[in-house]
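# Coordinate inspection notes
For reference, the chains in residue letters:
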Amino acid sequence: MLRAYDPPVRALVVIPTYCEADNIAEALTRLRQAVPGVEVLVVDDASPDGTAELVERTGEELGGGIAVLRRPGKAGLGSAYRAGFAHGLRDGAEVLVEMDADLSHDPAALPSLLTEVEAGADLVIGSRYVAGGAIPTWSLRRLLLSRWGNRYAAAVLGLGVRDATSGYRAYRATMLARIPLQEVQADGYGFQIEMAYRVARLGGDIREVPISFTDRVRGESKMSGRIVVEALGLVTWWGIRDRVLGRRR
Ligand SMILES: Nc1nc2c(ncn2[C@@H]2O[C@H](COP(=O)(O)OP(=O)(O)OP(=O)(O)O)[C@@H](O)[C@H]2O)c(=O)[nH]1
Ligand SMILES: [Mg+2]
């Protein structure tokens, strides 16, 4: 039996969704079981499969604390997080968590992320590439892309992070509030790297805790070649701008 964890701080889990009706009810139920005390904000981009309505129904069944931010159309993961974070910061959340809706991120690992923030970290990344972390049985192509994409980003940006593309993470609100969200450019993997890089440049304490990543079983992936190219292009540009041209901090 899983022991439920009750965070001593106000934590908000932001979950972006686009067509996750096959996954979201189970994700919310498991999240509530693992960490009953967290609030949840689902940011839904008018999913035609009724994801938002399902979230509302599941929220009622689970006794509240689950809200939906409805947006008029699909605008990307980065944009969904920016909107969700702005909402959570205005609302007084002390820790903001990123989590996918597709059951790739095990809610049972959330206490380990939250306790690191409580211990002083500004950003805690659920990492596949530290001791104890696990990656799924990915195709060789996907594995190499993720592993070497992360190595490239860390090297080019001087970022001491093994898994900068991971989308399972927790931010201290006071650190997140220092990042001008409207200036964050990237979407998808690039968004994750950009946010970690911005925290690092602000002198934030970034830690990684191991997670076991589960591949999406149901529903369709929204990631595309464009997202990968965007991430690699932006990393290269930031590296040139900051490390070669020496932009002042
Ligand atoms: N609101 C919103 N959510 C999105 C959008 N694109 C993706 N998401 C959500 O962001 C999360 C991650 O997207 P995925 O498609 O799983 O991306 P991924 O995990 O890199 O790819 P997979 O390996 O296929 O799972 C999921 O919860 C998606 O529903 C979008 O445009 N708007
Ligand atoms: Mg996924």
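The present account deals with the structure reproduced in this document.

Each value, and the rule that gives it
- Residues numbered from 1 in each chain as written.
- Chains lettered and ligands numbered in written order.
- Predicted model: local features only at pLDDT ≥ 70, side-chain atom pairs only at ≥ 80, totals over all residues.
- Heavy atoms only, no water.
- Helix = DSSP H or I, 4+ residues; strand = E, 2+ residues; numbered from the N terminus.
- Contact = heavy atoms within 4.5 Å.
- Core = buried A, V, L, I, M, F, W, Y, C linked by side-chain atoms within 4.5 Å.
- Buried < 20%, exposed > 50% of the residue type's maximum accessible area, 1.4 Å probe, protein only.
- Near = heavy atom within 4 Å.
- Polar contact = N/O pair within 3.5 Å; in protein donor to acceptor, adjacent residues only side chain to side chain.
- Areas by Shrake-Rupley, 256 points an atom, 1.4 Å probe, with all protein chains shown as cover.
- Patch = residues over 30% accessible without salt bridge, like charges linked within 9 Å, V, L, I, M, F, W, Y side chains within 5 Å.
- Salt bridge = Lys/Arg side-chain N within 4 Å of Asp/Glu carboxyl O.
- Phe/Tyr/Trp six-rings, centres within 6.5 Å; stacked < 30°, edge-to-face > 60°.
- Lys NZ or Arg CZ within 6 Å of the ring centre and 35° of its normal.

## Digging into the environment of V35
Its place among the elements puts V35 in the loop between α1 (24-34) and β2 (39-44). For the pair V35 and V9, spaced 26 residues apart in the sequence, the C-alpha separation amounts to 12 Å. Not counting residues up to four positions away in its chain, the partners in contact with V35 are Y5, P7, P107, L110, P111 and L114.

## Notes on the nonpolar core
Burial of nonpolar side chains together is a common tendency in soluble globular proteins. Among the nonpolar cores identified, the biggest contains 36 residues, and F85, L157, I193 and M195 are the most heavily contacted of them. Only β1 (11-17), β2, α3 (77-90), β5 (123-127), α5 (140-157), α6 (173-176), α7 (188-201) and α8 (225-244) provide two or more residues apiece to this core. The element that contributes the greatest number of residues to this core is α7, accounting for six residues. Y5, L113, V117 and A170 belong to the second-largest nonpolar core, a separate cluster that totals 30 residues.

## A short note on the site of ligand 1
For ligand 1, the set of nearby residues contains 20 residues, the closest of which are E20, D45, D102, R216 and S221. Here P16 contributes a backbone N or O atom positioned 2.8 Å from an oxygen atom of ligand 1. Measuring from a nitrogen atom of ligand 1, one finds a side-chain N or O atom of D45 at 2.7 Å. The protein chains hide 96% of the 630 Å² of surface that ligand 1 would expose on its own.

## A word on a nonpolar patch on the surface
Together, W237, I240, V244 and L245 line one region of the surface with nonpolar side chains, adding up to about 430 Å² of accessible area. Relative to the helices and strands, L245 is located in the segment after α8. Owing to a relative accessible area of 63%, L245 belongs among the exposed residues under this scheme.

## Description of the packing of aromatic side chains
Summed over all chains, the structure comprises five aromatic pairs. Centroid distance Y81 to F191: 5.8 Å. Interplanar angle 5°. Geometry classified as stacked. Note that Y81 is positioned in helix α3 and F191 in helix α7, a separation of 110 residues in sequence. Taken individually, Y81 and F191 each receive the classification buried, so the pair is uniform in this respect. Taken together through their ring pairs, the aromatic side chains of Y81, F85, Y171 and F191 make up a single cluster. Between the NZ or CZ atom of K74 and the centre of the ring of Y18, over which it lies, the distance is 5.3 Å. Here R151 stacks its cationic end above the ring of W148, 4.6 Å away from the centre of that ring.

## What to know about the side chain of S47
With respect to the element layout, S47 can be found in the loop between β2 and α2 (51-61). Overall, S47 belongs to the buried group, its relative accessible area being 8%. Here the side chain of S47 touches D44 through a polar contact of 2.5 Å, side chain to side chain.

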